[in-house]
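Architecture at a glance
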Amino acid sequence: MNPILSTVDNEIERLAAFLIDQQKEDGTWLFCFENGIVIDAYVIILFRILNVQNEALIRALHDRILAQQQPAGFWQLYRDEEAGNLSTSVEAYYALLYSGYSKVTDEPIQRAKRYILSKGGIGKVTSILTKVILAVTGQSKWPLAISSIPLEVLLFPSYFPINYFEFSGYSRVHLTPMLIMADQRFSFPTANGPDLSDLIDTRIEINESTSRGYQELQRVMQSGLDRILGSPRYIHEVARTKAEQFMLQRIESDGTLYSYGTSTILMIFALLALDYDQQHPIITKALDGLTAMQCRSESKTTIQNSPSTIWDTALITYALQEAQVPDHHLAIKRATSYLLSRQQNKTADWSIHNPDTAPGGWGFSESNTINPDVDDTTAALRAIRSLSTSQPSYLESWNRGLNWVLSMQNKDGGWPAFEKNTNKEMLTWLAIDGAKSAAIDPSEADLTGRTLEYLGNFAGLDTRNDFIERGTKWLIQHQEKDGSWYGRWGVCYIYGTWAALTGLQAVGLPLEHDTMQKGVKWLLSIQNSDGGWGESCQSDRLLRYVPLGESTPSQTAWALDALIAVHPEPTSEMEKGMLRLIASINQVDWKSSYPTGAGLPGNFYSNYHSYQYIWPLLTLSHYRKKYGKAFKGFINGL
């Protein structure tokens, strides 16, 4: 008998018991979705500007931000960002002073100031969100990248080369409030707000240079303006009203815009620019929604950008089922009932490029009712699969979800996150850092691989189906020369390669296929000496694999899960990796909290607090299921 199996059994039992104990009565799991200090900083600034009376929260956010400052004075997006991050450091510096709990003369503030000036001052920040917050609060001019986009772009017809709904959904909900504010050069400085003028390095000339592509984009937008009939003043007023309505129509029941903290903050400022009173019910409810996004863990408090309740609940339910927790267990019954109640039934923006399709997807956050995505949907469908074979309500939900997922396939054969066929290269020419990743929602290897894995292993489909064959071809064509795949929503090449290999295996691509061999060879080539795997967040910025130098639990689990999927018997490399994974589960250090969730390259990364449990449990269960006898100890103990 494989000597690792008994240890695997014990870890499965321990992890499953731990997760079951963490479940809430409504069937959910509420793990923190940690996004650095950016949302915390913006909330402090917003609350101080609007005089929101929540001193305990402001103080807690201040203390968390201050605690994350590095000895050299800067803040980082991830541990190995050794030179620090200027935009994040400016946000932290500004928020600490705005809170009132830090003073200009404080030693940490002085260290931060020296760092910011050493990098060229606030004129050298790259994050568009940082630039907008600085402009809104009167610390800098409105960035040309935003102010040069006319509001009238919202009026361009669908047949025009640039249509507003060709932008990705997540870029639209951020861009719209920005355009409203930039249109009026809106500024809302306060008398007691910090003055950042001493962070402007006058020796450095701020030059917002534009690429040839951006100049072409400007030409196309001007051409669109010339085609709109009516007086310029009337057209402008119509565009402003449409932008306002765009935001109001996408407010969720908790008051947030699209369930995102960042877009909600921008919306509040945009409403002020539209002369809404500070006490307007829409603003006060949005503030309540932001406040409710806080997460407390380990005596620290942070504001999540979008709580990951549905994502975590779906993944944990599936992982427990793979660990052989039966469907009749109370934890599974509660969780699947909750997921069933959160399946979306509204025809929303996703239907613009996908008409005549019934709603059936799931979103990321509990309050999300109009923004489903492919990844959350397949995660929820995995969780309800077994129940759909015996209960009509689950079967109906399963069919709607499956139909929605299939309908979301892009013309090129891959799958996007939120909206299909939104991949116009022209929109990536915006002079905005990260526009290539944010402006469009193209097919991605991780999404396509995960979808194929669901369709193959849970829907029983293979390459005899046309849509499976097209998805398989897309993945094969988008494999990197070294054998890896780039993952958009996880860090990064390990994530993409795991998704692609497990997906291709599920739909029947044989291990002997050159694509599979190259993928496996690449994974083994980057295995760390301790047996695990670890990749730096730098990978998504440099668009090449960058080793972290250490092993993380989630990335080790992803790599092993891919190897388990394709190998009929465990190899020595896999056994070494399993030992490393098991050891890492019981270690609480920076490696277990390193961000392995991706948002916007170079600007936004996420530490899912659930990932150190979900992916190891899933991998251990797959190892046990494939290489060991049926595991019954935990089931018998329930």
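Just so it is clear, the structure is predicted and the values come from calculations on it, not from any experiment. (Residues numbered from 1 in each chain as written. Predicted model: local features only at pLDDT ≥ 70, side-chain atom pairs only at ≥ 80, totals over all residues. Heavy atoms only, no water.)

1. Structural notes on the overall build of the chain
- Along the backbone of the chain there are 26 helices and 5 strands.
- Structurally, the chain occupies a C-alpha span of about 75 × 60 × 45 Å along its principal axes.
- For the chain, with 638 residues in total, the buried portion stands at 63%.
- With an accessible surface of roughly 24600 Å², the chain has 50% of that area assigned to carbon and sulfur atoms. (Helix = DSSP H or I, 4+ residues; strand = E, 2+ residues; numbered from the N terminus. Buried < 20%, exposed > 50% of the residue type's maximum accessible area, 1.4 Å probe, protein only. Areas by Shrake-Rupley, 256 points an atom, 1.4 Å probe, with all protein chains shown as cover.)

2. Structural notes on the packing of helix 3 (residues 55-67) against helix 4 (residues 86-99)
- As a packed pair, helix 3 and helix 4 sit with axes 10 Å apart at the nearest point and diverge in direction by 145°. Considering the relative orientation of helix 3 and helix 4, their crossing is left-handed. Residues Ile 58, His 62, Ile 65 and Leu 66 of helix 3 form the contact with helix 4, whose participating residues are Ala 92, Ala 95, Leu 96 and Ser 99.
- Here the residues of the contact of helix 3 with helix 4 are counted per class, giving 6 nonpolar, 2 polar and no charged. (Axes fitted to C-alpha atoms, helices over the stretch in contact; angles between N-to-C directions. Left-handed = near helix turned anticlockwise from the far one by under 90°. Contact = heavy atoms within 4.5 Å. Nonpolar A, V, L, I, M, F, W, Y, C, P; charged D, E, K, R; others polar.)

3. Things to note about the packing of helix 14 (residues 330-341) against helix 16 (residues 392-407)
- For the pair helix 14 and helix 16, interaxial distance at closest approach is 11 Å and the crossing angle is 50°. On the basis of their axis angle, the class for helix 14 and helix 16 is oblique. Helix 16 is crossed by helix 14, and the crossing has left-handed handedness. In this structure, helix 14 uses Thr 336, Ser 337 and Leu 340 to contact helix 16, whose residues at the interface are Ser 393, Tyr 394 and Ser 397.
- Class assignment for the residues of the contact of helix 14 with helix 16 results in 2 nonpolar, 4 polar and no charged. (Parallel < 35°, antiparallel > 145°, perpendicular 65-115°, else oblique.)

4. Observations concerning the environment of Glu 550
- Considering the arrangement of structural elements, one finds Glu 550 in the loop between helix 22 (539-542) and helix 23 (553-566).
- Once the C-alpha coordinates of Glu 550 and Gly 534 are considered, the two residues, 16 residues apart in sequence, prove to be 5.5 Å apart.
- If we ignore the near neighbours within four places in the chain, the residues touching Glu 550 are Asn 528, Trp 533, Gly 534, Trp 590 and Lys 591.

5. So, helix 15 (residues 374-388)
- Along its length, helix 15 shows its largest kink, about 35°, at Arg 382.
- You can read the cap of helix 15 off the contacts: a side-chain oxygen lies 3.1 Å from the backbone nitrogen of Asp 375, and it is on Asp 373. (Bend = angle between axes of the 7 residues up to and from the residue. Polar contact = N/O pair within 3.5 Å; in protein donor to acceptor, adjacent residues only side chain to side chain.)

6. Brief notes about helix 14
- Between its terminal C-alpha atoms helix 14 stretches 17 Å, which fits the 16 Å expected from 12 residues at 1.5 Å a residue.
- Buried within helix 14 are the following residues: Ala 331, Ile 332, Ala 335, Thr 336, Tyr 338 and Leu 339. Looking down the long axis of helix 14, one finds its buried residues gathered within 155° of arc, a one-sided arrangement.
- Residues of helix 14 that are buried make contact with helix 1 (4-22), helix 13 (309-322), helix 15 and helix 16. (Expected span 1.5 Å × (residues − 1). Arc of directions from axis to C-beta.)

7. A few points about the packing of aromatic side chains
- Tallying each qualifying case throughout the model produces 32 aromatic pairs.
- On the basis of an interplanar angle of 40° and a centroid distance of 5.7 Å, the ring pair of Phe 31 and Tyr 613 is categorised as tilted. Note that Phe 31 is positioned in the loop between helix 1 and strand 1 (33-34) and Tyr 613 in helix 25 (residues 611-627), a separation of 582 residues in sequence.
- The exposure class of Phe 31 is buried, given its relative accessible area of 14%.
- Taking the centre distance of 5.8 Å and the plane angle of 90° together, the rings of Tyr 170 and Trp 489 count as edge-to-face. (Phe/Tyr/Trp six-rings, centres within 6.5 Å; stacked < 30°, edge-to-face > 60°.)

8. A look at the sheet that holds strand 4 (residues 597-600)
- Spatially, 3 strands are ordered 1-5-4 in an open sheet, and the strand pairing comes out antiparallel. The open sheet terminates on both sides in strands that have one partner only, identified here as strand 1 and strand 4.
- With 2 bridges joining them, strand 1 and strand 5 (residues 604-608) adopt antiparallel strand pairing. Within strand 5, the residue paired with Glu 34 across the bridge is Asn 607. (Pairing = 2+ DSSP bridges.)

9. Quick word on the side chain of Gln 555
- Mapped onto the elements of the fold, Gln 555 is located in helix 23.
- Setting aside residues up to four positions removed in sequence, Gln 555 forms contacts with Val 491, Ile 494, Trp 533, Gly 534, Glu 535 and Thr 596.

10. Examining the confidence of the model for the chain
- Per-residue confidence for the chain averages 93 on the pLDDT scale, and 96% of its residues sit at or above 70.
- A low-confidence stretch, residues 630-638 stays under pLDDT 50, and its non-local contacts, those more than four residues away or across chains, total 14 contacts. (pLDDT = per-residue confidence, 0-100.)

11. Comments concerning the environment of Asn 54
- The residue Asn 54 is located in the loop between helix 2 (38-49) and helix 3 in this model.
- Spatially, the C-alpha atoms of Asn 54 and Thr 291 are 9.1 Å apart, while their sequence positions differ by 237 residues.
- Polar contacts involving the side chain of Asn 54 include one to the main-chain amide nitrogen of Leu 57, which spans 3.2 Å.

12. Observations regarding the pattern of salt bridges
- Enumeration over the complete set of coordinates arrives at 23 salt bridges.
- Between Asp 349 and Arg 172 there is a salt bridge, with its nearest N and O atoms 3.3 Å apart. With Asp 349 in the loop between helix 14 and helix 15 and Arg 172 in helix 8 (residues 169-183), this pair connects stretches of sequence that are 177 residues apart.
- The class for Arg 172 is buried, based on a relative accessible area of 0%.
- Ionic pairing is found between Asp 530 and Arg 580, a salt bridge with its closest N-O pair at 3.9 Å. Here the residue Asp 530 occupies a position in the loop between helix 21 (514-525) and helix 22, and Arg 580 occupies one in helix 24 (residues 572-585), the gap between them amounting to 50 residues.
- On the basis of relative accessibility, which here comes to 17%, the residue Arg 580 falls in the buried class.
- Several salt bridges share partner residues, and in doing so they unite Arg 172, Arg 250, Asp 349 and Glu 419 into one network. (Salt bridge = Lys/Arg side-chain N within 4 Å of Asp/Glu carboxyl O.)

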